[in-house]
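# Examination of the molecular architecture
What follows is the residue order along each chain.
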Amino acid sequence: MKTTISNRILIFSTLIVIFFGTVASLFVFYYAGDILKNNLEENSKSLIIDKSRDLDAALKDIQYTITKLAGDEMIVSYIEEPKKYKYGDMVSVLKGYQHNDHFLAVYIMDKTGLVISTTDERLLQKDFSYRNYFVDAISGKHGIDVAFGAVTNELGLYFSKPIKNKEGEIFSVAVIKIDPTYLSELLNFSNITKDLEVMLIDNFGIVFYSTNNEDLFKSIGSISEIKKETANKERYGGKVVDALGYDDIQNNLFDIQGIWEKEIYDDEDKALEYLNVSKIDGFPFYIVFEKKLNEAMQPITDLTTNLGLFVLATTVLSVLIIFLVVRRILKPFGKINKKIEEIGNGNYSVDTKIETNIKEFNNLDSAINIMIKKIKESDNNTKREVIEKTKELVERDKYLEEQRKSLANILEDIDIEKQRAENLASDLQKFKLAVDSVSDHIVITDQEGIVLYGNKAIKRITGYDPEEAIGKKAGTLWKAPMSDEFYKNFWDTIKNKKQTFIGEIRNKRKNGELYDAVISVSPVLNKVGEIAFFVGVERDITEHKKIDRAKTEFVSIASHQLRTPLSTMNWYTEMLLDGDVGKLNKKQKDYLGEVYRGSKRMGQLVTALLNVSRIDLGTFAIDPQPTNIIEISQEIIKELSQKIEEKKLKVKEFYDNTIPVLLLDQGLTRIIFQNLISNAVKYTGENGTVEVTIKREGNDIFISVRDTGYGIPEIAKEKIFSKLYRADNVRDKEVDGNGLGLYIVKAIIEEIGGKIWFDSKENEGTTFYVTFSVEGMKKKEGAKALTTKGDTV
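Given the structure is predicted, the values throughout are model-derived calculations rather than measurements.

### Some details on the packing of helix α20 (residues 666–682) against helix α22 (residues 741–751)
Running from N to C, α20 and α22 point in directions that differ by 140°, and their axes come no closer than 10 Å. For the element pair α20 / α22, the angle class is oblique. When the axes of α20 and α22 are compared, the crossing they make is left-handed. Contact with α20, carried on its side by Leu 668, Ile 671, Ile 672, Asn 675, Leu 676 and Asn 679, involves Gly 741, Leu 742, Ile 744, Val 745, Ile 748 and Ile 749 of α22 and no other residues of that element. Each residue belonging to the contact of α20 with α22 can be placed in one class, and the counts come to 9 nonpolar, 3 polar and no charged.

### What to know about unusual backbone geometry
Its identity as a non-glycine residue notwithstanding, Asn 153 has a phi of 55°, on the positive side. The exposed category is assigned to Asn 153, whose relative accessible area is 55%.

### Comments concerning the sheet that holds strand β21 (residues 689–697)
Here 5 strands make up an open sheet; going across it, the order is β19-β21-β22-β24-β23 and the pairing mixed. The open sheet is flanked by β19 (650–655) and β23 (755–761), the only strands paired with a single partner. Each strand axis lies, on average, 10° off the axis of its neighbour in the sheet, ignoring direction. Across 7 bridges, β23 lies against strand β24 (residues 765–773) in antiparallel orientation. Counterpart to Trp 757 in the pairing with β24 is Tyr 769.

### Remarks on the pattern of salt bridges
Tallying each qualifying case throughout the model produces 18 salt bridges. Residue Arg 509 is joined to Glu 513 by a salt bridge in which the shortest nitrogen-to-oxygen separation is 3.6 Å. When its relative accessible area of 41% is taken as the criterion, Glu 513 is described as partly exposed. Measuring nitrogen to oxygen at the nearest pair gives 2.6 Å for the salt bridge that ties Arg 670 to Glu 639. Of the two residues, Arg 670 sits in helix α20 while Glu 639 sits in helix α18 (residues 629–639), which places them 31 residues apart along the sequence. Note on Arg 670: relative accessible area 15%, which makes it buried. We classify Glu 639 as partly exposed; its relative accessible area is 42%. When salt bridges that share partners are traced, they join Asp 145, Asp 202 and Arg 235 into one network.

### Details of α20
One full turn of an α-helix is made of 3.6 residues, so residues set three or four places apart face in the same direction. Its 17 residues give α20 an end-to-end C-alpha distance of 23 Å, which sits within 8% of 24 Å, the value for a rise of 1.5 Å per residue. Counting buried residues in α20 gives 15 out of 17 residues, a clear majority hidden from the surface. Sitting at the head of α20, Asp 665 places a side-chain oxygen 3.0 Å from the backbone nitrogen of Gly 667.

### Let's talk about the nonpolar core
If you look at the biggest cluster of nonpolar residues, it comprises 51 residues, and the most contacted ones within it are Leu 69, Ile 75, Ile 163, Phe 208, Tyr 236 and Phe 285. With 9 residues, helix α1 (residues 5–70) is the single largest residue contributor to this core. In contact with Phe 208, other than residues within four places in its own chain, are Val 146, Leu 155, Leu 157, Leu 183, Leu 200, Ile 201, Asp 202, Leu 216, Tyr 236 and Phe 285. Judged by nonpolar contacts, the second largest core, of 47 residues, contains Ile 630, Leu 649, Phe 758 and Val 770.

### Overview of the packing of aromatic side chains
Each aromatic ring pair is specified by the distance between its two centres and by the angle formed by the two planes. According to the stated counting rule, one finds 14 aromatic pairs in the structure shown. Judged by centre distance (5.2 Å) and plane angle (80°), the ring pair of Phe 490 and Trp 491 falls under edge-to-face. Judged by relative accessible area, Trp 491 falls into the partly exposed class, the value being 32%. Over the aromatic face of Phe 204 sits the side chain of Arg 235, whose NZ or CZ is 4.6 Å from the ring centroid.

Basis of the calculations
Residues numbered from 1 in each chain as written. Predicted model: local features only at pLDDT ≥ 70, side-chain atom pairs only at ≥ 80, totals over all residues. Heavy atoms only, no water. Axes fitted to C-alpha atoms, helices over the stretch in contact; angles between N-to-C directions. Helix = DSSP H or I, 4+ residues; strand = E, 2+ residues; numbered from the N terminus. Parallel < 35°, antiparallel > 145°, perpendicular 65-115°, else oblique. Left-handed = near helix turned anticlockwise from the far one by under 90°. Contact = heavy atoms within 4.5 Å. Nonpolar A, V, L, I, M, F, W, Y, C, P; charged D, E, K, R; others polar. Buried < 20%, exposed > 50% of the residue type's maximum accessible area, 1.4 Å probe, protein only. Pairing = 2+ DSSP bridges. Salt bridge = Lys/Arg side-chain N within 4 Å of Asp/Glu carboxyl O. Expected span 1.5 Å × (residues − 1). Polar contact = N/O pair within 3.5 Å; in protein donor to acceptor, adjacent residues only side chain to side chain. Core = buried A, V, L, I, M, F, W, Y, C linked by side-chain atoms within 4.5 Å. Phe/Tyr/Trp six-rings, centres within 6.5 Å; stacked < 30°, edge-to-face > 60°. Lys NZ or Arg CZ within 6 Å of the ring centre and 35° of its normal.

Here it is, written out as structure tokens:
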């Protein structure tokens, strides 16, 4: 359907006015509404944070008061010896903790739940042992509950705390009852609008305070009948009624962290509501803000309606004005149309001058003449452009030829790279052949331990073919039961610390046979430092272990055989020195003294070797007996007193006298103290200091032996617990020593589940630390116990 320009302008202008007017109205409605809504939400969140902090501070202040009450020495004394005090004196003390009228009652309950003293005489001799706050306190915890009083029938907040005697035993409970209106006054709701409801709910989700009394004792969301019955029975005396319908809050109550917020449409009120929920930190209570968004948004709705009416009136007036203006402006357009038709028929000499006061129409005449001139010039320009385009095509053809030559060079480079790749593949094949010929078992796994590659040694060591192992988890194929601590340390080293793990392990072959192995597992990292895969190397040391065991057994047998002649030698030497077979001159005594001392050192070495062999063979026995470790420490120091006096050492002893008698193998305990204290004395120069500390730390016994001696060099620290090892810096200073003592001590402590470690700095001293469970040692059957004397048969 054809229409005139004036009608089109009129319709278009009308639509523009209506469109932009509507957009403006909607923009005002949504943008202003969104700003108002965001402000409401931010204010609500800010307010609930402030109120949560106020409630938290108030509740903690009450907890502080109940803590002081439970620790009041007069109250403790009264409970232990009630005959020493008058009942009224006790009540006066309790009233001193009633800070204001909101403290409804302060009372003390015995361990059966009976009220024995109170500021509210109605509660005296009442049994409240069934109350949750009593059950929590008598079990050693802070108790807090909200409930109707069984006697007073008034709602209260109950705070409880166990009262302990001097021995630390719970023998009574202190309770403070608070009026819940105390919390409502703290909330200070004078500045809250009428469309905001504030509620306090307990950990059941029951409202025990609300600015709307109709919501009191309703559950915030649907709860089970059993839970409702429990709340009525234990807290609200049958007052709990229907739910408010906020099931999302009820279902997520125990997961709320920080501020929980949500928009909910309330079917009952037929209104959109915004809810904030915050847990009061450290207490089983929650604060809830309910904001009705419909009422809050009403000013925006009114503003938008008025704006729409204004747009409608403006539209009618604008259409009338536009109609009159357009009709007048477009009147000369008919004459212009006739002139353009003549030009279109080829008459370029037509007179196009138009008599009008409108500048645009006068300019149109000049534009038509310019158009004619441009058309003529266009023909000439087209011919010139054809010639120029032809030249461009010739130049582009040359460019394409150059590109073809470049492509040929690229293909030649690709051939070179292909040859390099083939050479690399050949090198990889050689590497694979080399790895397959290695006698050690080598595997490559992904980050989760799935086997990606295995060499041929897998078959020889584990019994599995490489193809059979690929795609399976290495641990499920040849894993043998090891301690959880071993595997925890293994994965922590290679996966978390991204370091190489080296250690001994017991694995299982395909046929079920167990074997011993040394493994080395290393993570391989990519460019960004993440684990790409693991490389594991395993060596079967079963035969080596058998050989080591045979050597250990030989040392044990040899040591046993050596002890008898050494004992005989000591006995005869002592007889000679004592003059039992005739008097000796001084020179003879000196020589025999050297023989005797050498024999004693030999006896100590034989004893140490026997102990080491029993440790290595796992045959030494543990026989726990009631033991006073402080007395053992003191005995060892007394035995070393001569050496201590010779070197003018200062010995400091720090003992925790509360340590009980422990179940320990007395011989093993002596070995531990004998080696640690004698080492401290031996490797400390004259006028030095040795400190021995024994104390209890939780469920552990803690022992430390500190000296100001020669210290351990950095290079020797990792070997200090090895067999027959002595640091270079003490060999010249102390000849006496066989390098077995610390090895034996570490083996004993690890056998009983304890720990040993040390701190040391060369020329400044060393401190050895030992911890083990206060439960002591567990009995272990064995061929023989470890010995503590080097010259004992």
